[in-house]
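Each chain is listed here by its residues.
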Amino acid sequence: MYKHVVVGGTFDGLHAGHQAFLRGAFTKGARVTIGLTSERYIRRYKKDKGVAPYSKRYQALTAWLRREGVAERTTVLPLDDRFGPAVLGDGFDAIAVTSATRETADEINRA
């Protein structure tokens, strides 16, 4: 098990796929930091304008984390750019990714 895993995402709608992805991060890491895409990020990188506001996505995510019993192992931070906290050297051991975010994780690893 890793000490600290970092993940990033928009988590709009927090569907079953999101939940499975997050559960996987918690099975791999004692702590998980989640970079939740901010409205600034959405404006800059996402073409879809139908994304729920950050506050609504944050509330849904943190409610789910409490229901799953993992809130105390989690930090949720706003993600304003593609790399977020992952390049700050904050002791992350692993980055959890999907096939859609693998390229960005490779860039983070090179940085």
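Residues numbered from 1 in each chain as written. Predicted model: local features only at pLDDT ≥ 70, side-chain atom pairs only at ≥ 80, totals over all residues. Heavy atoms only, no water.

Across its full length, the chain holds four helices and four strands. Going from N to C terminus, the chain has its helices and strands arranged as β-α-β-α-α-β-β-α. Burial analysis of the chain (111 residues in total) assigns 40% to the buried set. The contacts of the chain with a sequence gap of at least 6 include a subset with a gap of at least 24, amounting to 71%. Carbon and sulfur atoms form 51% of the exposed surface of the chain, whose accessible area is close to 6,600 Å². (Helix = DSSP H or I, 4+ residues; strand = E, 2+ residues; numbered from the N terminus. Buried < 20%, exposed > 50% of the residue type's maximum accessible area, 1.4 Å probe, protein only. Contact = heavy atoms within 4.5 Å. Areas by Shrake-Rupley, 256 points an atom, 1.4 Å probe, with all protein chains shown as cover.)

Generally speaking, nonpolar side chains in soluble globular proteins are found buried as a group. Counting residues in hydrophobic clusters, the biggest one holds 19 residues, and the most contacted among them are Val7, Leu22, Ile34, Leu61 and Leu65. Those elements giving two or more residues to this core turn out to be strand 1 (2-9), helix 1 (16-28), strand 2 (29-37) and helix 3 (54-68). Excluding its chain neighbours within four sequence positions, the residues that come into contact with leucine 61 are Leu14, Leu22, Ile34, Leu36 and Val76. (Core = buried A, V, L, I, M, F, W, Y, C linked by side-chain atoms within 4.5 Å.)

Before going further, it helps to examine helix 1. The end-to-end C-alpha distance of helix 1 is 19 Å, a good match for the 18 Å that 13 residues give at a rise of 1.5 Å each. Buried within helix 1 we find His18, Phe21, Leu22, Ala25 and Phe26. Down the axis of helix 1, the sector holding all buried residues measures 140 degrees, keeping them to one side. Of the exposed residues in helix 1, those oriented more than 90 degrees away from the buried face are Ala16, Thr27 and Lys28. (Expected span 1.5 Å × (residues − 1). Arc of directions from axis to C-beta.)

Right, let's get into unusual backbone geometry. Phi is positive for phenylalanine 11, which is not a glycine, with a value near 50 degrees. Counting through the fold element by element, phenylalanine 11 comes out in the loop between strand 1 and helix 1. With a phi close to 35 degrees, leucine 14 is a non-glycine residue in the positive phi region. Position of leucine 14 relative to the elements: it lies in the loop between strand 1 and helix 1. Looking at leucine 14, the relative accessible area reads 9%, which means it is buried.

So, about the side chain of threonine 10. Residue position: threonine 10 is located in the loop between strand 1 and helix 1. In this structure the side chain of threonine 10 is engaged in a polar contact, spanning 2.9 Å, whose partner is the side chain of threonine 37. Residues contacting threonine 10, with those up to four places away along its chain left out, are Leu36, Thr37, Ile42, Lys46, Val51 and Arg57. (Polar contact = N/O pair within 3.5 Å; in protein donor to acceptor, adjacent residues only side chain to side chain.)

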